Amino acid sequence: MLAQQLLNGLVMGAVYGLFALGFNLIFGVHGILNLAYGAILMVGAFAGLVTVLNGFPLWSAFIIAAIAAGIVSVVIDLVAFRPLRRSNEIEFAAIISSIGADMVLTTLAQRLSNTQVFRFPYGTFPDFALTFLGLRITGLQITIVATVAIMAAGIAIYLYGTSFGRQVRAVAESERAASLLGVNANSVYLQTFFISGAMAGVAGVLVGLAFNTVQFLMGEPYLLRGFVVLIIGGLGSLKGALAAGFLLGLIQALCTAYLPAGLSDPVIYALLFLIILVRPSGIFGSAVKDVRAVRQ
Amino acid sequence: MTGIFAPYFPILDLVLIHCGLALSQYIVLRAGVFSVATAGFTSMGAYAAALLARDAEMGVALALLAALVVGLVTAIILALPLARVRGVYQAIATLAFVQIVLSLMYYAEDVTGGPLGLNAIPKTVGTVHIFVAVCACLYVIIAIGRSRLGSALDAIRQDEIVAASLGVSVPPLHLLAFALSGAIAGLFGGLIALHTYSIEPAQFGFPLLVSILAMVVLGGRRSVWGPIVGALILTILPELARPLAENRALIHGILLVVIIVFLPRGIVDSLSARFKKNPSRLEPDRDVAAT
C-alpha cells in the first residue's frame, strides 16, 4: 500500500518537475519570476482538450498544447517583459506585468469556457494497467513519466549539446558580454520563453488527463508548487528542479497517507521555510548553478 | 483581483483598508526587505480581533490593540530567522509563511471555524476608525522617513553592502521594518474583522498577497505616496469598470501591463523622477530582487 502511494507520488512529482523545469529556466536565464506561468499551463490544457474534442489523436494534443502554450509564453514576453528590459526595474515590474498577463489569460479562459469544468472524453486514454510486484501501474502513469523523461532529456541536449544552448547559457551568465560576442539576445529570449511555455503546455495536458478536469483556475496551485520546487531544487538549477519535483511528489504522497487531511500543505511549506533558512542553495544544488549564478 | 473584500465594504472603506495594507507592504520594501508576509499578519490580526471581540467580549480598542500586538510579535519572530536571507529567498519564505498560516486556519476548525470562517462578529468599526488608523500609520512612516532612520533605510535598499560599510547597522533596521509592517497589517486585519460580520480564510490567501504587492509596485516603492496612489487606483479601477461587466478583469489586467510598461518604477516614482531637476535622483536603485 505504501509502495503504491509512493509510486503515485513519483508520477505526480514528474509533472511538478516538468512544470518547475520551465519555471526555473525563465528564472535562471532571465531572473524573472513569471507569475503568469500557471495560466500558461491552463492554456496548454485547454489547447489539448480542444484538439481531442475535435477528434484528433491524443499525441497530437500534446504537440498542439506545446505549440499553443509556447506561443502564448512568447507573446507574454514580447508584450509584458521586453519593454521592461530597458529599464532597471525589471525584477519588480515583471511581477506586476505578469500578474496582468495572468489576469488577461484567466479571464479570457473563463469567458470562453463559461466558467465550466471540462473533462477529456471517456476513453481518450486507453484504460489499462500493468501489475508489477503487486504494484498497479496504469498506462497513463507510464505515459506521464515517459513524456516528462523525454522533455527533460530534450532540454538537457538542447542546453548542453547545441550551439543554441551555449548561447542561452552565455546570455544567462551576462547578456552584455554575450551580445558583444555576437549572440542575438532577442532570439535567446524567444527560444527560452517558447521552450518554457511548451513545457507548461505539456504539463497542462498531463495534469488534465491525470485529474480529468480542465478549468480556468487550474494553474494557480501549480504556480505555488512551482515556488516550492524552485527553492528545494535550488534557484536556476535544472537538475535540481527535476529532482525536487519528484521529492515534492513523494512528500505529498506520504503526507496524504499518514497525516490528517489538511495538514500536508503546512508540512510542505514548513519544510520549504526550513530549507530556505538552512540551505538556501537548495538540497540538490551546490552553490554552483547550471544556468546562472544567482547572486551577481 | 482586488475585489477580495469588495462585497463587504463600501468603496471608501475599501480604499482606506487597502491603503493600510499597502503601507504595511511598503515599509518592508522601502528597507530593502522583499517580504510578502503582510497577508499572513493581516489574517492573524483579523482572527485575533474577531475571537476576542466575539467570544471574550472585548471592547473595540482592546481588540484592535491585541490584533496589532499579534501582528507585531509574529513579525518579530519571523524576522529573526529571515535575517539570514535576501531577495527572492525572502519573498518565497514569507510566501511559505502566508501559506502555513492559511492552511492552519483551514485545519484548526475548533478555533477558526475552518473554511467557513468566523461569523457573527460584532461590527464596531466604522469609516472614521479606519481613516484615523491610516492617518496614524502615514504619520509614523513619514516621520521615520524624514529622520536619520529614513535615510538609513533608503541606503540599505539602494546598496546594503555600501550602507553597512558606512556604519548603518542592517539587522536592527530590518527588524524594525518587519515589526512595523506586522503591526500595521495586524491592526488592519483587526479593522477588517470588526468592520464585517464574518471573515474566512479564503480572503487572506495568495490573491490578497498578490494584489497588495501590486498596489505598492504599481504606485511606486520609494515615495510614501506610492502605496496610497496604488491602493486608490487598484480599488477604484474595478469599480469604474463595472459597466464592462464580464470584461472587467480583462481590462484590469491589460491596464496593469500598460501602466507598468510605461511607468516601470511605479506611478508616483516615475512621474516625480520625470519632473525633478536634480539628475542624481534619477539614478536607478539597485534593488533587493536583483540579488
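Definitions and limits used
Residues numbered from 1 in each chain as written. Chains lettered and ligands numbered in written order. Predicted model: local features only at pLDDT ≥ 70, side-chain atom pairs only at ≥ 80, totals over all residues. Heavy atoms only, no water. Helix = DSSP H or I, 4+ residues; strand = E, 2+ residues; numbered from the N terminus. Rg over C-alpha atoms; globule rule 2.2 N^0.38 Å. Contact = heavy atoms within 4.5 Å. Lys, Arg positive; Asp, Glu negative; His and termini not counted. Charge placed at Lys NZ, Arg CZ, Asp CG, Glu CD. Salt bridge = Lys/Arg side-chain N within 4 Å of Asp/Glu carboxyl O. Buried < 20%, exposed > 50% of the residue type's maximum accessible area, 1.4 Å probe, protein only. Buried area = accessible area lost by both parts, 1.4 Å probe. Core = buried A, V, L, I, M, F, W, Y, C linked by side-chain atoms within 4.5 Å. Pairing = 2+ DSSP bridges. pLDDT = per-residue confidence, 0-100.

**Overview of the overall build of chain B**
- Helices and strands together make up the secondary structure of chain B, namely 13 helices and 0 strands.
- Start at the N end of chain B and walk to the C end: the helices and strands fall as α-α-α-α-α-α-α-α-α-α-α-α-α.
- Taking 2.2 N^0.38 as the reference for a compact globule, 291 residues should give roughly 19 Å; the C-alpha atoms of chain B span a radius of gyration of 19 Å, in line with that estimate.
- Summarising the internal contacts of chain B: among those between residues at least 6 apart in sequence, 80% fall at separations of at least 24.
- Side-chain charges of chain B comprise 18 positive and 15 negative groups, with the mean position of each set lying 12 Å from the other.

**With respect to the pattern of salt bridges**
- Within the structure shown, the criterion is met by 7 salt bridges over all chains.
- The salt bridge involving D154 of chain B is made with R157 of chain B; its shortest N-O contact spans 3.3 Å. Of this pair, D154 of chain B and R157 of chain B both sit in helix α7 (residues 148–158), 3 residues apart, roughly one helical turn.
- By relative accessible area, which is 22% here, D154 of chain B ends up partly exposed.
- Since its relative accessible area comes to 5%, R157 of chain B is described here as buried.
- Here R222 of chain B makes a salt bridge to D269 of chain B, at a shortest N to O gap of 3.9 Å. Placement of R222 of chain B in the loop between α10 (206–219) and α11 (225–240) and of D269 of chain B in helix α13 (residues 267–275) is noted, with a sequence separation of 47 residues between them.
- Residue D269 of chain B is classed as buried on the basis of its relative accessible area, which comes to 6%.
- A network of salt bridges, in which partner residues are shared, links D77, R82 and R85 of chain A.

**Points about the interface of chain B and chain A**
- Across the contact, 49 residues belong to chain B and 48 residues belong to chain A.
- When chain B packs against chain A, close to 4200 Å² is buried across both sides, 79% of that on carbon and sulfur atoms.
- Interface area lost by chain B to chain A is led by Y89, I92 and Y107 of chain B, which between them contribute 16%.
- Counting across the interface, chain B meets chain A through 0 salt bridges.
- Those elements giving two or more residues to the side of chain B that touches chain A turn out to be α3 (60–82), α4 (87–107), α10 and α12 (248–262) of chain B.
- Tallying contributions element by element places α4 of chain B first for the side of chain B that touches chain A, with 12 residues.

**Observations regarding the nonpolar core**
- In terms of nonpolar packing, the biggest core is built from 204 residues, with I76, I99 and F227 of chain A together with F188, L191 and I199 of chain B touching the most fellow members.
- Setting aside its immediate chain neighbours within four residues, F227 of chain A contacts F23, L33 and L35 of chain A together with I92, L95 and F206 of chain B.

**Remarks on the pairing of strand β1 (residues 129–132) of chain A**
Residues and elements named next belong to chain A.
- Where β1 meets strand β2 (residues 135–138), 4 bridges bridge the pair, whose relative direction is antiparallel. Paired with T131 across the two strands is R136, which belongs to β2.
- Between β1 and β2, which follow one another and run antiparallel, lie 2 residues, and L133 among them has a positive phi close to 50°.

**Considering the side chain of Q252 of chain A**
Residues and elements named next belong to chain A.
- The topology assignment puts Q252 in helix α10 (residues 238–258).
- Given a relative accessible area of 14%, Q252 falls into the buried group.
- Setting aside residues up to four positions removed in sequence, Q252 forms contacts with Y16, R225 and I268.

**Thoughts on the confidence of the model for chain B**
Residues and elements named next belong to chain B.
- Mean pLDDT over chain B works out to 86, with 92% of the residues at or above the 70 mark.
- Looking at the elements of chain B, mean pLDDT is at its lowest for α13, recorded as 82, and at its highest for helix α2 (residues 38–54), recorded as 94.
- Scored below 50 in pLDDT, residues 279–283 makes 5 contacts in the model with residues more than four places away or belonging to other chains.
- Segment residues 285–291 is flagged for pLDDT under 50; beyond a separation of four residues in sequence, or across chains, it makes 25 contacts in the model.
- This complex was scored by the predictor with a pTM of 0.85 and an ipTM of 0.81.

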